[in-house]
Amino acid sequence: NAGVTQTPKFRVLKTGQSMTLLCAQDMNHEYMYWYRQDPGMGLRLIHYSVGEGTTAKGEVPDGYNVSRLKKQNFLLGLESAAPSQTSVYFCASSSGQGNSPLHFGNGTRLTVT
Amino acid sequence: GEDVEQSLFLSVREGDSSVINCTYTDSSSTYLYWYKQEPGAGLQLLTYIFSNMDMKQDQRLTVLLNKKDKHLSLRIADTQTGDSAIYFCAESFTGGGNKLTFGTGTQLKVEL
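The model shown is predicted, which means the values in this text are computed figures rather than measured ones.

S.K.: Could you give me a rundown of the overall build of chain B, with the residues and numbers involved?
M.R.: Along the backbone of chain B there are zero helices and eleven strands. N-terminal to C-terminal, the α/β element order of chain B is β-β-β-β-β-β-β-β-β-β-β. Relative to the globule expectation of 13 Å for 112 residues, the C-alpha radius of gyration of chain B, 14 Å, shows essentially globular dimensions. Dimensions of chain B, computed from the C-alpha atoms along their principal axes, are close to 45 × 30 × 20 Å. When burial is assessed residue by residue, chain B has 45% of its 112 residues classed as buried. Split by element, the accessible area of chain B, about 5,500 Å² in all, is 48% carbon and sulfur. Taking the 10 positively charged and 14 negatively charged side chains of chain B as two groups, their mean positions are separated by 2 Å.

This is the structure we're talking about:
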């Protein structure tokens, strides 16, 4: 049981380049989330999804887009990367039932130069 | 908006108790959580407490919740070197996708 898998683990981009971060979960979870982690700021929610075909904005959505075409996958896109998007990105999923905990992937470290 | 605060660092000796504190501002939270992050890894759920409880004990972990002061703490008894990690508190709210608001994280260092 792999849980939540994120690819790639590391990536370096130049300003203005685009990329997509992939997240896959094999737990049949309804809810999926993208967070970014920055020193001294904890985790901040970028976008989330409460089911296949649905997405919603979180706390810091600007500069990012997401898609949930399949229940098991949640994609995070950067159309034109900026140095301010240098961060560690975490995907998480949950069943969405009551107090169901979030299950996290191991993160993607992105550097934008 | 929601705001969750933690101190950034805590250093303890092996065998001592650790107490990690967290304050939050939104009194409508339903559950409060403690997550642990080891280097190079994602966050793992340690324990949680429902907002109508005052205390929860789980082996070496004790969670205390003071709703009046909006203060949450995690006590780790007999702290071991394997407990060295970043600890995040988080709060959730009913409805709206079960989103969590995380604190800034406390780096716990356990010294021999």
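S.K.: Describe the pattern of salt bridges, naming the residues involved and giving the relevant values.
M.R.: Under the defined criterion, the tally for this structure stands at seven salt bridges over all chains. Between Asp-38 of chain A and Arg-36 of chain A there is a salt bridge, with its nearest N and O atoms 2.9 Å apart. Grouping residues by exposure puts Asp-38 of chain A and Arg-36 of chain A together as buried. The shortest N-O distance in the salt bridge between Asp-83 of chain B and Arg-60 of chain B comes to 3.0 Å. Of this pair, Asp-83 of chain B sits in the loop between β8 (71-76) and β9 (85-92) while Arg-60 of chain B sits in the loop between β6 (55-58) and β7 (61-66); the two residues are 23 residues apart in sequence, bridging distant segments of the chain. On the accessibility criterion, Asp-83 of chain B (7% relative accessible area) is buried. For Arg-60 of chain B, a relative accessible area of 33% puts it in the partly exposed group.

S.K.: Describe the sheet that holds strand β8 (residues 75-78) of chain A, naming the residues involved and giving the relevant values.
M.R.: Strand pairs in the sheet, formed through backbone hydrogen bonds, run parallel or antiparallel to each other. Residue and element names in this part refer to chain A. As summarised here, the arrangement of the four strands in space is β1-β3-β8-β7, forming an open sheet in which the pairing is antiparallel. The open sheet has two free edges, formed respectively by β1 (4-7) and β7 (65-67), since each of these has just one partner strand. Each strand axis lies, on average, 20 degrees off the axis of its neighbour in the sheet, ignoring direction. Pairing analysis gives four bridges linking β1 to strand β3 (residues 19-25), with the strands arranged antiparallel. Bridged to Val-4 within β3 is Gln-25.

S.K.: Requested: an account of the layout of surface pockets, with residues and values cited.
M.R.: Of the volumes computed, that of the largest pocket is approximately 680 Å³. Gln-37, Val-88 and Arg-109 of chain A together with Gln-37 and Ile-86 of chain B are, among the 34 residues lining the largest pocket, the residues nearest its centre. Counting only elements with at least two residues in the lining of the largest pocket, the list comes to β4 (31-38), β9 (87-94) and β11 (108-112) of chain A together with β9 and β11 (106-111) of chain B. The leading source of residues in the lining of the largest pocket is β11 of chain A, at four residues.

S.K.: Which residues make up the pairing of β8 of chain A, and what are the values?
M.R.: Residue and element names in this part refer to chain A. Here β3 runs beside β8; their pairing, made up of three bridges, is antiparallel. Across the sheet, Leu-21 pairs through a bridge with Leu-76, a residue of β8. Pairing analysis gives three bridges linking β7 to β8, with the strands arranged antiparallel. When the bridges of β8 are listed, Ser-67 appears paired with Leu-75.

S.K.: Report on the interface of chain A and chain B, specifying residues and quantitative values.
M.R.: Interfaces are frequently sized by the accessible area removed from exposure as the parts join. Taken together, the contact between chain A and chain B spans 21 residues of the former and 20 residues of the latter. Counting the surface lost from both chain A and chain B, the interface buries some 1,600 Å², and carbon and sulfur atoms represent 57% of this. A per-residue breakdown of the area chain A buries against chain B is headed by Leu-43, Asn-99 and Phe-104 of chain A, which together make up 32% of the total. For the pair chain A and chain B, the number of links is zero salt bridges. Seen at the junction of chain A and chain B, the total is five residue pairs in polar contact (both at pLDDT 80 or more). Elements with a contribution of two residues or more to the side of chain A that touches chain B: β4, β5 (42-49) and β9 of chain A.

S.K.: Could you give me a rundown of the environment of Ser-67 of chain A, with the residues and numbers involved?
M.R.: Residue and element names in this part refer to chain A. Among the structural elements, Ser-67 can be located in strand β7. A residue is classified by how much of its surface remains accessible, and Ser-67, at 24% relative accessible area, is partly exposed. Those residues in contact with Ser-67 that lie beyond four places of it in its chain are Thr-55, Asn-73, Phe-74 and Leu-75.

So, how was this worked out
- Residues numbered from 1 in each chain as written.
- Chains lettered and ligands numbered in written order.
- Predicted model: local features only at pLDDT ≥ 70, side-chain atom pairs only at ≥ 80, totals over all residues.
- Heavy atoms only, no water.
- Helix = DSSP H or I, 4+ residues; strand = E, 2+ residues; numbered from the N terminus.
- Rg over C-alpha atoms; globule rule 2.2 N^0.38 Å.
- Buried < 20%, exposed > 50% of the residue type's maximum accessible area, 1.4 Å probe, protein only.
- Areas by Shrake-Rupley, 256 points an atom, 1.4 Å probe, with all protein chains shown as cover.
- Lys, Arg positive; Asp, Glu negative; His and termini not counted.
- Charge placed at Lys NZ, Arg CZ, Asp CG, Glu CD.
- Salt bridge = Lys/Arg side-chain N within 4 Å of Asp/Glu carboxyl O.
- Pairing = 2+ DSSP bridges.
- Axes fitted to C-alpha atoms, helices over the stretch in contact; angles between N-to-C directions.
- 1 Å grid on protein atoms, 1.4 Å probe; cavity = no way out; pocket = protein on both sides within 12 Å on 5 of 7 lines; lining within 4 Å.
- Points joined across faces, edges and corners; volume = space filled by probe spheres on them.
- Contact = heavy atoms within 4.5 Å.
- Buried area = accessible area lost by both parts, 1.4 Å probe.
- Polar contact = N/O pair within 3.5 Å; in protein donor to acceptor, adjacent residues only side chain to side chain.

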